[in-house]
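Summary of the model geometry
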Amino acid sequence: MEEQGLLAELAPHAASLLERHLASAKEWFPHKLVPWGRGRDFTDDDEHDEAPPILDDAARSALFVNLLTEDNLPHYFRTIAGRFGTDDAWGVWVRRWTAEEGRHAIVLRDYLSVTRAVDLVALERARMSQVATGVVPEPPSVADALVYVSLQELATRISHHNTGRLLPDDAGRGIMKRVAADENLHHLFYRDLTAAALAIDPESVVPAIERQVRHFAMPGTGIPDFARHARTIASAGVYDFQVHHDQILVPVLFRHWRLDRVQGLRSSAERARERLLAHVERVGRLARRLVERRIPNVATYT
Ligand SMILES: [Fe+2]
Ligand SMILES: [Fe+2]
């Protein structure tokens, strides 16, 4: 099916999922969650984080990567608006989603600034470098984009949620929980839209799922020193192969998209489906093996 045809057929679904989203999204205010009383002025001597270390390395890395990923919003907007367009329900969704995502960087940065939980000079330099580089995944079709954002929003929700569990303070945990709840609603929008796309055009959506699952990488590849941060994050179980398999691939692909039961595909789509099932099986086996051997594992395998 043509890209424009798929978008047009999906538009009514996008409209009703947008309505559902607006009915379930709760208004919240970043400034009310930030523990301002813990902040103090910075001086010229504050080149580096001089606060007592309140966090371990995994929590620092996770916050650093999570915030920088949120900071890359202009580039995510560019790709998503480019794929889905800015007309009708698609445009309303993309703009609303952008406004919601903007809050995540605001609250995380304010929290890190008052608590000095990470080195703020390094953080700002990394933000400049990442946003100036502008590297984000560029899914090659509407179907690929829907699948990618479905997986990515869920991955982000889990990552924020698990990061919150590493934090020692109620304010930090509350912030991560709040942000994770937003990501969950984003995930539900895309997940159910992908299910609609799958019903409309399984011949192109199944291969898109196979491509996106096989090449899925957590956002953050443009972040300086990302590989080291990803290893540290995996070692704390914030995001690793097991999380990726058990909490993302299995529930989304099988419980919601029912890929194990899709029938009647033409041969190339059916071959993609079989490759996909075998791939998920392999990821599961690998995750179990790594866990048994207690080897920290990074769920990035492009
Ligand atoms: Fe976000
Ligand atoms: Fe999101």
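Bear in mind that the values here come from a model prediction, so they are computed numbers and not experimental data.

With respect to the overall build of the chain
When its secondary structure is counted, the chain shows 12 helices and zero strands. For the chain, the sequential pattern of α-helices and β-strands runs α-α-α-α-α-α-α-α-α-α-α-α. Against the globule reference of 19 Å for 302 residues, the chain gives a C-alpha radius of gyration of 20 Å, in line with a compact fold. Relative to its 302 residues, the chain shows a buried fraction of 54%. Excluding contacts between residues fewer than 6 apart, the proportion of contacts in the chain whose partners are at least 24 apart in sequence is 84%. Total accessible area on the chain stands at roughly 13,900 Å², and carbon and sulfur atoms take up 53% of it. Seen as two clouds, the 38 positive and the 42 negative side-chain charges of the chain have centres 6 Å apart.

So, the coordination of the iron ion (ligand 2)
Listed as protein donors to the iron ion (ligand 2) are Glu101 (OE), Glu153 (OE), Glu183 (OE) and His186 (ND1); their distances from the metal cover 1.8 to 2.2 Å. For the iron ion (ligand 2), the four donor atoms in the first shell make angles of 93 to 138° at the metal, so the coordination geometry reads as irregular. Motif for the iron ion (ligand 2), donor spacing along one chain: E-x51-E-x29-E-x2-H. A separation of 3.9 Å is found between the iron ion (ligand 2) and the iron ion (ligand 1), which are bridged by glutamate 101. Placement of glutamate 101 in helix H5 (residues 88–115) and of glutamate 183 in helix H8 (residues 170–200) is noted, with a sequence separation of 82 residues between them. Comparing glutamate 101 with glutamate 183 shows no difference in burial state: the two are buried.

Some details on the packing of aromatic side chains
Scanning the model with the defined rule gives six aromatic pairs in all. Centre to centre, the rings of tryptophan 93 and phenylalanine 189 are 3.7 Å apart; their planes meet at 10°, and the pair counts as stacked. Within this pair, whereas tryptophan 93 is found in helix H5, its partner phenylalanine 189 is found in helix H8, the two being separated by 96 residues in sequence. As far as burial versus exposure is concerned, tryptophan 93 and phenylalanine 189 are alike and both buried. Clustering of aromatic rings is evident, with ring pairs tying together Phe84, Trp90, Trp93, Phe189 and Tyr190. Stacked on the ring of phenylalanine 42, the Lys or Arg arginine 116 has its end atom at 3.7 Å from the ring centre.

Calculation rules
- Residues numbered from 1 in each chain as written.
- Chains lettered and ligands numbered in written order.
- Predicted model: local features only at pLDDT ≥ 70, side-chain atom pairs only at ≥ 80, totals over all residues.
- Heavy atoms only, no water.
- Helix = DSSP H or I, 4+ residues; strand = E, 2+ residues; numbered from the N terminus.
- Rg over C-alpha atoms; globule rule 2.2 N^0.38 Å.
- Buried < 20%, exposed > 50% of the residue type's maximum accessible area, 1.4 Å probe, protein only.
- Contact = heavy atoms within 4.5 Å.
- Areas by Shrake-Rupley, 256 points an atom, 1.4 Å probe, with all protein chains shown as cover.
- Lys, Arg positive; Asp, Glu negative; His and termini not counted.
- Charge placed at Lys NZ, Arg CZ, Asp CG, Glu CD.
- Donors = N, O, S within 2.8 Å, 3.2 Å for Na, K, Ca; no water.
- Tetrahedral: all angles 85-135°; square planar, octahedral: opposite > 155°, others 65-115°.
- Phe/Tyr/Trp six-rings, centres within 6.5 Å; stacked < 30°, edge-to-face > 60°.
- Lys NZ or Arg CZ within 6 Å of the ring centre and 35° of its normal.

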